[in-house]
Amino acid sequence: MASFPTTVKDVLLELSSYASGDFKDESIRVPRPADADYSGFEPLPATPGIEVPGLLIRADRSAMADGWRMVTGAFALNGDMENAALLISPDLKIVRAWTLDEIPVDELEPRPKFRKLVHGLDILRDGSVIFAFEGGMSLQRFNSCGERDWTTGGGFHHSVTLDDAGETVWTFNGTGTIAQVAVGDGAILREISMDAVIAANPTIDILELRRLHPNDWGKNTRNTEGEWMPEKYHFNDVDPLPATMAASFDGFRAGDLLLSARSLNMVFVLDPESLEIKWWRIGETQRQHDPDWLSSGEIAVLNNRMSRDFSEIVAIDPVSFRKSVLFDGRDNDFYTRIRGKGQILDNGDLIVTSPQQARAFEVDRQGEVVFEVVNLKPDSETVNYVISELKWLPRDYFEMEAWKCPLAN
């Protein structure tokens with residue numbers, strides 16, 4: 001069985017990363033918890049030609065939400081480690097696998113596959129996927145056959161979110177740039193720099209929290225700008241407000257952007273036209289990820305609580321600022337120091353992705369786990385592969401007649 005690393009240089013780099021504690025390959029794998037118990041889990045059946053031996057589930061099929069599930073990350077796929085997206089049918093069978101990779105852009109070579117991780121992916125109704133890597137150099141669209149439709153070079157990362165019409169995606173390109181990209185051809189339609197956002201919101205000084213102010217040695221100089229500290233924003237999510245939910249949010253309109261700035265412990269709402277920050281909140285979460293609009297008029301956030309004892313999913317009322325806990329991580333040993341996703345389903349179930357534990361699970365309204373998936377590295381007792389996201393989709397989401405490669409019966 002082929003595996004990674006594949007060269008002497010890679011072996012030495014891997015050994016040195018472990019020896020130093022740097023874990024340079026943390027993108028795709030994490031230590032397996034010493035007390036991990038995978039009894040009761042079973043392999044996912046798959047369509048012929050797809051083998052993912054490390055992906056295990058346990059499920060209460062009568063209680064879990066009906067629909068498709070999309071799981072992305074690094075997997076032991078068909079005898080090798082691959083960055084991939086796997087589509088799981090409503091009857092819990094892997095029916096399609098997209099092996100996700102990059103091609104050289106502007107004469108630059110992409111990183112090896114085990115030094116980057118799929119971090120930001122959305123799937124269209126025609127079965128095509130648009131995705132970016134953490135550590136990658138492009139945004140790409142693959143069709144339902146897994147063939148590359150287009151590649152747009154750039155430092156895209158963390159989040160890829162379709163708009164209401166399915167015609168564009170919102171993502172990040174570089175350290176402080178929000179980007180809107182055309183689904184059809186990958187053209188960058190709009191870029192919003194944080195310099196422009198700061199200029200448009202001069203009284204919201206929290207945006208410059210990580211800018212240093214130079215010592216002028218008593219000169220009392222004006223209009224000086226200091227250097228930025230590393231990770232000045234660390235944006236990790238951008239979601240446009242769906243038109244179907246806009247009436248639930250007083251003062252916001254369809255298309256307003258909900259953003260997470262991890263370095264600032266900040267969640268905020270931006271008007272992409274005027275660049276006005278309409279709402280912001282800091283201090284309710286610690287190194288958070290994945291804020292989402294809720295039909296209740298609240299904003300859900302995965303609160304990582306970095307370096308603490310557990311993570312949680314919370315809801316914030318943007319009017320009263322009241323915070324409530326939707327899922328307490330102590331209830332299911334949920335803790336992901338970095339990364340992570342949460343999804344509230346129409347039936348009230350909650351899907352939680354815990355990348356640093358290589359697991360994702362669905363809990364019902366009573367807090368009972370009704371579906372769970374874990375991602376093991378085969379033939380290892382100490383290492384798991386990372387799950388980037390488990391996403392639920394309604395049974396009628398796909399327009400199967402538009403798929404270039406239909407699913408097998």
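> In this structure, what is going on with the overall build of the protein? I would like to understand it.
Scanning the protein for helices and strands turns up two helices and 28 strands. Computed over its C-alpha atoms, the radius of gyration of the protein comes to 21 Å, within 12% of the 22 Å expected for a compact globule of 409 residues. Along the three orthogonal principal directions, the C-alpha set of the protein runs to about 70 × 55 × 45 Å. Counting across all 409 residues of the protein, residues that qualify as buried make up 56%. For the protein, long-range pairs separated by at least 24 residues make up 52% of all intrachain contacts whose partners lie at least 6 apart in sequence. If you sum the accessible surface of the protein, you get close to 18200 Å²; carbon and sulfur atoms cover 48% of it. The averaged location of the 65 negative side-chain charges in the protein is 4 Å from the averaged location of its 41 positive side-chain charges.

> Please explain the packing of aromatic side chains as it appears in this structure.
Aromatic rings in a pair are described by how distant their centres are and how their planes are angled relative to each other. With the rule as written, the count across this model stands at 18 aromatic pairs. With centroids separated by 5.6 Å and ring planes inclined at 55°, the aromatic side chains of Phe-327 and Phe-361 adopt a geometry described as tilted. One end of the pair, Phe-327, is in strand E22 (residues 323-328); the other, Phe-361, is in strand E25 (residues 359-363), with 34 residues separating them in the sequence. Classification of Phe-361 as buried rests on a relative accessible area of 0%. Clustering of aromatic rings is evident, with ring pairs tying together Trp-68, Trp-98, Tyr-397, Phe-398 and Trp-403. Directly above the aromatic system of Phe-310 lies the positively charged group of Arg-305, at a separation of 4.2 Å from the ring centroid.

> For this particular structure, what's the right way to read the environment of Asp-66?
Tracing the backbone shows Asp-66 in the loop between strand E3 (55-59) and strand E4 (68-77). Taking relative accessible area as the criterion, Asp-66 reaches 44% and is therefore assigned partly exposed. A C-alpha to C-alpha distance of 11 Å links Asp-66 and Asp-349, two positions 283 residues apart in sequence. Other than its neighbours up to four places away in sequence, Asp-66 contacts Pro-90, Trp-392 and Arg-395. Engagement of the side chain of Asp-66 in a polar contact is seen with the side chain of Arg-395, the distance being 2.9 Å.

> Got a minute to help me understand the pattern of salt bridges in this structure?
Pairing between side chains of opposite charge can happen when the charged atoms of each approach one another. Within this structure, the stated rule accounts for 25 salt bridges. Among the salt bridges present, the one from Arg-148 reaches Asp-101, with a minimum N-O distance of 2.6 Å. Of this pair, Arg-148 sits in strand E10 (residues 148-153) while Asp-101 is found in the loop between strand E6 (94-99) and strand E7 (117-123), placing the two residues 47 residues apart along the sequence. Note that Glu-225 and Arg-211 form a salt bridge whose closest N and O atoms lie 3.9 Å from each other. In this pair, Glu-225 sits in the loop between helix H2 (194-200) and strand E15 (235-240) while Arg-211 sits in the loop between H2 and E15, placing the two residues 14 residues apart along the sequence. Within this structure, Arg-253, Asp-256, Asp-271 and Lys-278 form a network of salt bridges that share partners.

Parameters at a glance
Residues numbered from 1 in each chain as written. Predicted model: local features only at pLDDT ≥ 70, side-chain atom pairs only at ≥ 80, totals over all residues. Heavy atoms only, no water. Helix = DSSP H or I, 4+ residues; strand = E, 2+ residues; numbered from the N terminus. Rg over C-alpha atoms; globule rule 2.2 N^0.38 Å. Buried < 20%, exposed > 50% of the residue type's maximum accessible area, 1.4 Å probe, protein only. Contact = heavy atoms within 4.5 Å. Areas by Shrake-Rupley, 256 points an atom, 1.4 Å probe, with all protein chains shown as cover. Lys, Arg positive; Asp, Glu negative; His and termini not counted. Charge placed at Lys NZ, Arg CZ, Asp CG, Glu CD. Phe/Tyr/Trp six-rings, centres within 6.5 Å; stacked < 30°, edge-to-face > 60°. Lys NZ or Arg CZ within 6 Å of the ring centre and 35° of its normal. Polar contact = N/O pair within 3.5 Å; in protein donor to acceptor, adjacent residues only side chain to side chain. Salt bridge = Lys/Arg side-chain N within 4 Å of Asp/Glu carboxyl O.

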